[in-house]
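Each chain, letter by letter, is given below.
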Amino acid sequence: MGLLSQGSPLSWEETKRHADHVRRHGILQFLHIYHAVKDRHKDVLKWGDEVEYMLVSFDHENKKVQLVLSGEEVLETLQEKGERTNPNHPTLWRPEYGSYMIEGTPGQPYGGTMSEFNTVEDNMRKRREEATSVLKKNQALCTITSFPRLGCPGFTLPEFKPNPVEGGASKSLFFPDEAINKHPRFSTLTRNIRHRRGEKVVINVPIFKDKNTPSPFIETFPGDDEAAKASKPDHIYMDAMGFGMGNCCLQVTFQACSIAEARYLYDQLATICPIVMALSAASPFYRGYVSDIDCRWGVISASVDDRTREERGLEPLKNNNYRISKSRYDSIDSYLSECGEKYNDIDLTIDKEIYKQLLQEVSPGCPLSAGIDHLLAQHVAHLFIRDPLTLFAEKIHLDDANESDHFENIQSTNWQTMRFKPPPPNSDIGWRVEFRPMEVQLTDFENSAYVVFVVLLTRVILSYKLDFLIPLSKVDENMKVAQKRDAVLQGMFYFRKDICKGGNAMVDGRGKAQPSTEPAAEEYALMSIDTIINGKEGVFPGLIPILNSYLENMEVDVDTRCSILNYLKLIKKRASGELMTVARWMREFIANHPDYKHDSVITDQMNYSLISKCNQIANELCECPELLGPAFRKVKYSGSKTGSSN
Ligand code: GLU
Ligand code: MG
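Let me begin by describing the structure that accompanies this report. Since the structure is predicted, the reported quantities are computational estimates derived from the model, not experimental observations.

Criteria and cut-off values
- Residues numbered from 1 in each chain as written.
- Chains lettered and ligands numbered in written order.
- Predicted model: local features only at pLDDT ≥ 70, side-chain atom pairs only at ≥ 80, totals over all residues.
- Heavy atoms only, no water.
- Helix = DSSP H or I, 4+ residues; strand = E, 2+ residues; numbered from the N terminus.
- Buried < 20%, exposed > 50% of the residue type's maximum accessible area, 1.4 Å probe, protein only.
- Contact = heavy atoms within 4.5 Å.
- Lys, Arg positive; Asp, Glu negative; His and termini not counted.
- Charge placed at Lys NZ, Arg CZ, Asp CG, Glu CD.
- Pairing = 2+ DSSP bridges.
- Near = heavy atom within 4 Å.
- Areas by Shrake-Rupley, 256 points an atom, 1.4 Å probe, with all protein chains shown as cover.
- Nonpolar A, V, L, I, M, F, W, Y, C, P; charged D, E, K, R; others polar.
- Phe/Tyr/Trp six-rings, centres within 6.5 Å; stacked < 30°, edge-to-face > 60°.
- Lys NZ or Arg CZ within 6 Å of the ring centre and 35° of its normal.
- Donors = N, O, S within 2.8 Å, 3.2 Å for Na, K, Ca; no water.
- Arc of directions from axis to C-beta.
- Polar contact = N/O pair within 3.5 Å; in protein donor to acceptor, adjacent residues only side chain to side chain.
- Salt bridge = Lys/Arg side-chain N within 4 Å of Asp/Glu carboxyl O.
- Disulfide = S-S within 2.5 Å.
- 1 Å grid on protein atoms, 1.4 Å probe; cavity = no way out; pocket = protein on both sides within 12 Å on 5 of 7 lines; lining within 4 Å.
- Points joined across faces, edges and corners; volume = space filled by probe spheres on them.
- Expected span 1.5 Å × (residues − 1).

### As for the overall build of the protein
Okay, step 1: Of the regular secondary structure elements, the protein holds 22 helices and 17 strands.
Okay, step 2: When burial is assessed residue by residue, the protein has 61% of its 646 residues classed as buried.
Okay, step 3: Put simply, of all contacts in the protein between residues at least 6 apart along the chain, 77% involve residues at least 24 apart.
Okay, step 4: Side-chain charges in the protein split into 77 positive and 88 negative, and the spacing between the mean points of these groups amounts to 2 Å.

### Some remarks on the pairing of strand 8 (residues 235–238)
Okay, step 1: The alternating pattern of strand 8 places H235 and Y237 on one face and I236 and M238 on the opposite face, and all of these are buried.
Okay, step 2: With four bridges joining them, strand 7 (residues 203–206) and strand 8 adopt antiparallel strand pairing. From the neighbouring strand, V205 faces strand 8, where its bridge partner is I236.

### Notes on the site of ligand 1
Okay, step 1: As a matter of local geometry, ligand 1 sits amid 13 residues, with E52, N247, R296, Y329 and R436 nearest to it.
Okay, step 2: Taken by itself ligand 1 offers 290 Å² of open surface, and the protein chains cover 99% of this.
Okay, step 3: Class assignment for the residues of the shell around ligand 1 results in six nonpolar, two polar and five charged.

### Topic: the packing of aromatic side chains
Okay, step 1: Under the defined criterion, the tally for this structure stands at 25 aromatic pairs.
Okay, step 2: With a centroid separation of 5.9 Å and an interplanar angle of 75°, the aromatic rings of F174 and F221 are classed as edge-to-face. Pair noted here: F174 is in the loop between strand 6 (156–157) and helix 5 (184–197) and F221 is in the loop between strand 7 and helix 6 (225–230), with a separation of 47 residues, a long-range link. Assigned by exposure class, F174 and F221 land together as buried.
Okay, step 3: Taken together, a centroid distance of 5.1 Å and an interplanar angle of 80° make the contact between F217 and Y289 edge-to-face. Remark: Y289 occurs in strand 11 (residues 289–290) and F217 occurs in the loop between strand 7 and helix 6; sequence separation between them is 72 residues.
Okay, step 4: Linked through ring pairs, F30, Y34, Y266, F384, F407, F420 and W431 together constitute an aromatic cluster.
Okay, step 5: Over the face of the ring belonging to F174 we find R287, whose NZ or CZ atom lies 4.2 Å from the ring centre.
Okay, step 6: A cation over an aromatic ring shows up here: R587 above the ring of F208, its NZ or CZ 5.9 Å from the ring centre.

### Regarding the coordination of the magnesium ion (ligand 2)
Okay, step 1: The magnesium ion (ligand 2) binds to the protein through E52 (OE), E96 (OE) and E103 (OE), with metal-donor distances spanning 1.9 to 2.1 Å.
Okay, step 2: Sequence spacing of the donor residues for the magnesium ion (ligand 2), all on one chain, is E-x43-E-x6-E. One end of the pair, E52, is in strand 1 (residues 46–59); the other, E103, is in strand 4 (residues 101–106), and 51 residues separate them in sequence.
Okay, step 3: Using a relative accessible area of 6% as the deciding quantity, one classes E103 as buried.

### A short note on helix 10 (residues 352–359)
Okay, step 1: Within helix 10, burial applies to I354, Y355 and L358. End-on, the buried residues of helix 10 take up no more than an arc of 100°, which puts them together on one face. Residues of helix 10 that are exposed and angled more than 90 degrees away from the buried face: K352, E353 and K356.
Okay, step 2: Turning to helix 10, the residues buried within the fold contact helix 2 (19–37) and helix 11 (374–383).
Okay, step 3: Of the residues flanking the start of helix 10, the one acting as N-cap is D351, its side-chain oxygen 3.1 Å from the backbone nitrogen of E353.

### What to know about the pattern of salt bridges
Okay, step 1: What the rule picks out here adds up to 45 salt bridges.
Okay, step 2: The partner of K326 in a salt bridge is D333, with the nearest N and O atoms 2.7 Å apart.
Okay, step 3: On the basis of relative accessible area, K326 is assigned to the buried category, the value being 9%.
Okay, step 4: Of the charged contacts, one joins E434 and R419 as a salt bridge, the two residues approaching to 3.7 Å between their closest N and O atoms. Pair noted here: E434 is in strand 15 (residues 432–435) and R419 is in strand 14 (residues 418–421), with a separation of 15 residues, a long-range link. The exposure classification of E434 matches that of R419, with both residues buried.
Okay, step 5: Residues joined by salt bridges that share partners form a network here, namely D20, R23, R196, D306, E311, R328 and D387.

### Considerations on the state of the cysteines
Okay, step 1: The final tally for this structure, using the stated rule, is zero disulfides.
Okay, step 2: Not part of a disulfide, C339 finds its nearest cysteine sulfur in C500, a span of 15 Å.
Okay, step 3: The thiol sulfur of C614 is not disulfide-bonded, and the nearest other cysteine sulfur, from C142, lies at 6.8 Å.

### Considerations on empty space enclosed by the protein
Okay, step 1: Scanning all chains against the criterion turns up nine cavities of 30 Å³ or more.
Okay, step 2: Computed from the structure, the second largest cavity encloses a volume of approximately 60 Å³.
Okay, step 3: In this structure, the second largest cavity is lined by A169, S170, T190, I193, R194, K200, V201, D239, A240, M241 and S303.
Okay, step 4: With three residues, the single largest contributor to the lining of the second largest cavity is helix 5.
Okay, step 5: Residue composition of the lining of the second largest cavity, grouped by class: five nonpolar, three polar and three charged.

### Focus on the pairing of strand 2 (residues 64–68)
Okay, step 1: The buried fraction of strand 2 is high, at five of five residues.
Okay, step 2: As judged from the four bridges shared by strand 1 and strand 2, these two strands associate in the antiparallel manner. Residue pairing for strand 2: F58 is matched across the bridge by V65.
Okay, step 3: Taken together, strand 1 and the strand that follows it, strand 2, pair antiparallel across an intervening segment of four residues, in which K63 is found at a positive phi of about 50°.
Okay, step 4: Looking at chain direction, strand 2 and strand 6 are connected through two bridges and run parallel. Looking at strand 6, one finds that V68 is bridged to L157.

### Regarding helix 2
Okay, step 1: For helix 2, built from 19 residues, the straight-helix expectation of 27 Å at 1.5 Å per residue is met to within 8% by its first-to-last C-alpha distance of 27 Å.
Okay, step 2: All of the buried residues in helix 2 are A19, H21, V22, R23, G26, I27, Q29, F30, L31, I33, Y34 and V37.
Okay, step 3: In this structure, the buried residues of helix 2 make contact with helix 1 (12–17), helix 8 (259–279), helix 10, helix 11 and helix 12 (405–411).

### So, the layout of surface pockets
Okay, step 1: Considering only enclosed or pocket space, the largest pocket measures out at about 1300 Å³ in volume.
Okay, step 2: Elements supplying a minimum of two residues to the lining of the largest pocket: strand 1, strand 3 (91–95), strand 4, strand 9 (250–255), helix 12, strand 14 and strand 15.
Okay, step 3: It is strand 1 that provides the largest number of residues to the lining of the largest pocket, a total of six residues.
Okay, step 4: The calculated volume of the second largest pocket comes to roughly 920 Å³.
Okay, step 5: What lines the second largest pocket is a set of 35 residues, among which V202, N204, G298, S301 and A302 lie closest to the centre.
Okay, step 6: Those elements that provide at least two residues to the lining of the second largest pocket are strand 7, helix 6, helix 9 (297–303) and helix 14 (472–482).
Okay, step 7: Tallying contributions element by element places helix 9 first for the lining of the second largest pocket, with five residues.
Okay, step 8: Here the lining of the second largest pocket is composed, by residue class, of twelve nonpolar, eight polar and 15 charged.

Dropping the structure here:
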């Protein structure tokens, strides 16, 4: 989840003292990169996925499953056996926030040909096998977004008691610091978020009221005034970064051919984020309770909310601080391409000095006096309202022309739905965008389906010059709806009606639009996910039908076509309700569990049954037609057999 520097982390007080230094040099580093590569074009399409995993251990005798705190050792073994011995190794492994987590990506990015879509699932399967092979007996690698009993007594192996009083990182009543990855970045982030905020983070998730759930549902935390004040009735209360960043997701990064294309894709995909998030919903349970939300997003957002009371608008502003309307982990606040400009209707807090510096005319002899356009300047000046959260003593003074750590420091702790990524200094990597809202699915098949769906969507957006833009405030409203229970079937989302009339999006290097009129209210309408994905006569053509017509015009080998069609079928059926989302399936599993008392409580035994079942599904030891469709795999295998015998 970001830049990993080595060294001695500074305390919050020390980090704060260097905040202006980090920002000043971060901007210089950005300018060096920008000027070196702003005119680069003809980079080829490359893309890659990131899957985050949890390590679990089953105690079959006592019917209990725990998160294993061995991520660091497992990672070390995987890197040693993989990338360190073989530069062409097919997988790469990275640490993640939880000591029970690891992150896997393909060894090399995928390229632009259609047949690459047929290698994603194999690569994901390879990752699962590779990591599973280094685990101990009764342990497994799971792709679940949120562990249902995260933060419940004894949820880790080995077990640790949370330590809320002594000078720990989280000071959580529930989440022990031992469950945080041992790399100092992660505990320092945790501690400094808490120090900057001035109190522990507060997460309140509405509880799902079942027929025997106490009403009102009120938890007591004897002797803890902070929790008593922070926790809300009818909500599940959580108090640590681990409840958010300890969740897993599925991300995709694209390399665009130029900065203009990257800015265009960033904007277009931003509107798709809430839709795909609702379609991928997979996290209904928190701290041993059934919640009333299906997605992790708001939980992570609150779990890293480092804003002070003043910044959150709870106290009058002192000094020259800002009010800041969102957490560092949240949806994007401004479009980046010029055709997005008229839809930028969210109040944008920016660092005015940085904005002015970025806009300055280029003056001869001073190449770093920028000349950056308004939209990119305000984007960067908005990211840079944040303080650095971690700083290493050895990494304060850097070579701004050849390093980018200070820029990355701020950039990589702005965890937004989309990330616009300038190339690293002196590399042959191009301008990239990252798509970040998706929840991770149980199987490699589903994860491949979501990834391929999003990548194909970028292909049609670029080929047909589609335009999905609507006012950004409407995208934010969609984000709220998308997280609710069953949003995929119940939610109504603002979506652009005529997506084909864009066409003006890529006119010049900055994606200059035709002279614009004010957006008319009729440009968008409220639609269901089914309408957006599958289309509705006279209302909207549907994304899947558009992808299908694109595919008809492409040269694709039989086997790849078969895989892609299976992937799109999954997305289509999830959108129509013919198949369940992971969240819905998990809810039904618990609701039908013989031990469940309809009181919203998930016991250790129920958690054990659920995670065992998830593990069987992921390893293809049982079918799950309500989630994946009827014997989907047989269709694919018979397809590929015919393909090879021809
Ligand atoms: N695990 C985080 C999530 O679920 C993302 C961390 C990262 O940026 O890699 O969104
Ligand atoms: Mg990650």
